[in-house]
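What the coordinates show
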Amino acid sequence: MHVLIIEDEAGLANELVHFLTKEHYTCDWASSGREASEKIAVNLYDFILLDLGLPDYDGLDLLAETKQLDHDPSVIVLTARGALEDRIKGLGLGADDYLPKPFSLLELQARMQAVVRRKFKLKTSVVAFQGFELDTSSRRVSYQDQEILLTKKEFDLLHYLVLHRNRILTRLQLTEHIWGNILEDDYDSNYIDVHIKNLRKKLSTHAPTDWLETVRGVGYRLSA
């Protein structure tokens with residue numbers, strides 16, 4: 001998932017980037033409210049980790065701004081401001097969770113996973129679809145208890161499609177989810193097509209994959 005970390009403390013931000021990258025997230029970092037606002041305007045984030053105590057911006061104002069976007073990133077507020085009023089305001093403005101500093105990175109990861117389960121109405125970390133099972137915790141995909149070996153990118157693509165089943169996802173959306181900020185990185189839209197082709201090939205050795213649809217000129221959809 002594509003995560004924006006909004007944190008002015010460089011040490012903590014670097015720690016978060018290192019940990020989440022190791023846990024297979026794609027991370028951007030903004031050290032100020034203005035920088036965060038610019039990144040949010042041009043990128044499609046799945047998660048935003050928001051520090052309220054920014055040097056140039058009230059974090060609650062940035063949260064309200066974020067909730068005006070067409071897409072719906074999940075937001076966890078990370079802050080040393082522990083006042084009950086701040087928590088109530090943050091949750092009232094649409095934050096999905098609130099984690100006061102200092103916090104455990106493992107707790108943060110668990111809360112992010114819990115937010116995803118609530119958002120997509122998942123009861124456990126195992127998602128079943130068309131006879132296949134995808135375990136988001138162990139990052140394993142199986143069919144009738146037989147594991148299917150996928151690359152990191154293939155797993156991330158399948159995971160994103162499963163979460164957004166029945167919804168058409170553009171190549172741009174898929175690319176930003178997997179590769180992050182395409183304006184800064186070496187980007188080729190054909191990457192998505194190649195990974196989808198490889199994904200279909202691996203899955204189709206176990207069962208038909210006609211549910212993984214190509215929407216001509218737009219992108220892809222996993223139909224349930």
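Everything here concerns the structure above.
It should be emphasised that the depicted structure is a prediction, and the values quoted were computed from it without experimental measurement.

Of note, His-195 is situated in helix 8 (residues 190-204). We classify His-195 as buried; its relative accessible area is 17%. Ignoring sequence-local partners within four residues, the contact set of His-195 consists of Lys-153, Glu-154, Leu-157 and Trp-179.

Residues Phe-129, Phe-132, Leu-158, Leu-161, Leu-174 and Leu-203 are the most contacted members of the largest nonpolar core, which totals 25 residues. Elements with a contribution of two residues or more to this core: strand 6 (126-129), strand 7 (132-135), strand 8 (140-143), helix 6 (152-163), helix 7 (171-179), helix 8 and strand 12 (219-222). If you tally residues by element for this core, the top one is helix 6, at six residues. Contact partners of Leu-203, with chain neighbours within four places excluded, come to Phe-132, Val-141, Ile-148, Leu-158, Thr-209 and Trp-211. If you look at the next biggest cluster of nonpolar residues, it comprises 21 residues, including Ile-5, Ile-76, Phe-103 and Met-112.

The rules we used
Residues numbered from 1 in each chain as written. Predicted model: local features only at pLDDT ≥ 70, side-chain atom pairs only at ≥ 80, totals over all residues. Heavy atoms only, no water. Helix = DSSP H or I, 4+ residues; strand = E, 2+ residues; numbered from the N terminus. Buried < 20%, exposed > 50% of the residue type's maximum accessible area, 1.4 Å probe, protein only. Contact = heavy atoms within 4.5 Å. Core = buried A, V, L, I, M, F, W, Y, C linked by side-chain atoms within 4.5 Å.

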